[in-house]
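Observations on the three-dimensional arrangement
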Amino acid sequence: MDVSLTVWALTIVGLCLLIAVDFFVGGRKPHEVSLKEAGTWTIVWIVLAALFGVGLFVFGGGQPAGEFFAGFITEKSLSVDNLFVFVLIMAKFSVPKIYQQRVLLIGVLIALVLRAGFIAAGAAIISTFSWVFFIFGAFLIWTAWKLIKEARADEEDEAYEENRFLKMVERRFPSTDQYHGTKMFVVENGKRLMTPMLIVMLAIGTTDVLFALDSIPAIFGLTQDPYIVFTANAFALMGLRQLYFLIGGLLQKLVHLSYGLSIILGFIGVKLVLHALHETGVHVPEISIPVSLGVICAVLIVTTITSLYASRKASQQETEEGDKAKSLHGSAGESSGQDTDTKS
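Residues numbered from 1 in each chain as written. Predicted model: local features only at pLDDT ≥ 70, side-chain atom pairs only at ≥ 80, totals over all residues. Heavy atoms only, no water.

Regarding the packing of helix H3 (residues 62-92) against helix H9 (residues 240-247)
At a minimum axis separation of 10 Å, H3 and H9 run at an interaxial angle of 70 degrees. On the basis of the axis angle, H3 is roughly perpendicular to H9. Crossing handedness for the pair H3 and H9: right-handed. Between H3, through Lys76, Ser79, Val80, Asn82, Leu83, Phe86, Val87 and Met90, and H9, the contact on the second element is made entirely by Leu240, Leu243, Tyr244 and Ile247. A class-by-class count of the residues in the contact of H3 with H9 yields nine nonpolar, two polar and one charged. (Axes fitted to C-alpha atoms, helices over the stretch in contact; angles between N-to-C directions. Helix = DSSP H or I, 4+ residues; strand = E, 2+ residues; numbered from the N terminus. Parallel < 35°, antiparallel > 145°, perpendicular 65-115°, else oblique. Left-handed = near helix turned anticlockwise from the far one by under 90°. Contact = heavy atoms within 4.5 Å. Nonpolar A, V, L, I, M, F, W, Y, C, P; charged D, E, K, R; others polar.)

Quick notes on helix H8 (residues 226-238)
Taking 1.5 Å per residue as the helical rise, H8 with its 13 residues ought to reach 18 Å, and the 18 Å between its terminal C-alpha atoms agrees with that figure. Among the 13 residues of H8, twelve are classified as buried, and the element is accordingly described as predominantly covered. Turning to H8, its buried residues number three or more, namely Tyr227, Ile228, Val229, Phe230, Thr231, Ala232, Asn233, Ala234, Phe235, Ala236, Leu237 and Met238. Two to three positions downstream of the cap, the backbone nitrogen of Tyr227 sits 2.9 Å from a side-chain oxygen, assigning the N-cap of H8 to Asp225. (Expected span 1.5 Å × (residues − 1). Buried < 20%, exposed > 50% of the residue type's maximum accessible area, 1.4 Å probe, protein only. Polar contact = N/O pair within 3.5 Å; in protein donor to acceptor, adjacent residues only side chain to side chain.)

Brief notes about a nonpolar patch on the surface
A grouping of Ile125, Phe129, Trp131, Phe134 and Ile135 is seen on the molecular surface, where their side chains present a nonpolar patch of about 460 Å² in accessible area. Structurally, Trp131 is set in the loop between helix H4 (97-128) and helix H5 (132-153). (Patch = residues over 30% accessible without salt bridge, like charges linked within 9 Å, V, L, I, M, F, W, Y side chains within 5 Å. Areas by Shrake-Rupley, 256 points an atom, 1.4 Å probe, with all protein chains shown as cover. Salt bridge = Lys/Arg side-chain N within 4 Å of Asp/Glu carboxyl O.)

Observations regarding the pairing of strand E1 (residues 185-188)
The sheet contact formed by E1 and strand E2 (residues 191-194) spans four bridges and is antiparallel. If you follow Glu188 over to E2, its bridge partner there is Lys191. Counting the residues between successive antiparallel strands, the hairpin from E1 to E2 contains two residues, one of them, Asn189, with a positive phi of roughly 55 degrees. (Pairing = 2+ DSSP bridges.)

Quick notes on unusual backbone geometry
Here the phi dihedral of Ser94 falls at roughly 50 degrees; this positive angle occurs in a residue that is not glycine. Looking at the secondary structure, you find Ser94 in the loop between H3 and H4. Under the relative-accessibility criterion, Ser94 is labelled exposed at 53%. Even without being a glycine, Asn189 presents a positive backbone phi close to 55 degrees. Examined against the element boundaries, Asn189 turns out to sit in the loop between E1 and E2.

Description of the packing of aromatic side chains
In this structure the tally under the stated criterion is twelve aromatic pairs. For the pair Trp8 and Tyr227, a centre-to-centre distance of 5.2 Å together with 85 degrees between the ring planes defines the contact as edge-to-face. Of the two residues, Trp8 sits in helix H1 (residues 5-27) while Tyr227 sits in helix H8, which places them 219 residues apart along the sequence. By relative accessible area, Tyr227 is classed as buried at 5%. Taking the centre distance of 6.1 Å and the plane angle of 40 degrees together, the rings of Phe52 and Tyr227 count as tilted. With Phe52 in helix H2 (residues 35-60) and Tyr227 in helix H8, this residue pair connects regions lying 175 residues apart in the sequence. (Phe/Tyr/Trp six-rings, centres within 6.5 Å; stacked < 30°, edge-to-face > 60°.)

What follows is the structure, given as structure tokens:
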């Protein structure tokens, strides 16, 4: 899709306005986010993304609109995986609940800026070297296999490990251990210090770069249009803050999420390899956007249903085992009491 600089500028200005409205309406005053507020804003961002996709359909046709929706859903599903790490980061830095919304807002903005750089670099590489699709495809297939291995190993990382950039910042710039509201810098004894607020914002933003290493190649497997790649990422990320508060308690129940994401990444990896072969002149079938969209949606639906079923079954089993243990303990107590009465 041919997008002029004017459209790019208007899109960026529009996104900035939406972010400003989000901040001044819901995030200006630090507070603990309720499920109602999180749910409302989650719906708002999804509706805005849907309206944007409809606009693409009206002005650009079915192909760009289909690519946007496929990219948005893929990025949204992959971003849910980020939330697990966000929970660990919040716990690591002991972020008070009233400040978590501000941390996520700034952290997600940092992530969006960094992703824009990744997208620009990826678009430039793809336009110059078509063989890079082989590398992207192979990387996604390898990432999918890695996700499956991690899921089968059933290992949970209970601690967040700071990345090198964050460690460098903490070494070179003095900081305080205490939160001072939403301030990112304070002056103590004539010395300018960073607060944990700034550190955790940088942690959220820079950690997302690691997730971008697979999500950016994944969306380029669905569309090579930088405009669609950027807007799909923007809408997926901007709703991530509210999603954190909405499904934070449900994250542990999505036990099959890694399997679903691995299937999606593997599928897109195969799609990229087929596209690369097609570009080199090899006659192979290519996977269309409608098929891609259908597979992605089907995998997410099945993964969610099986995850909730497995979590419910595990919970019931734990309850039954707990009741059984209480029953055995009670029986043992009664038996002990009877023995005492007999001796008496």
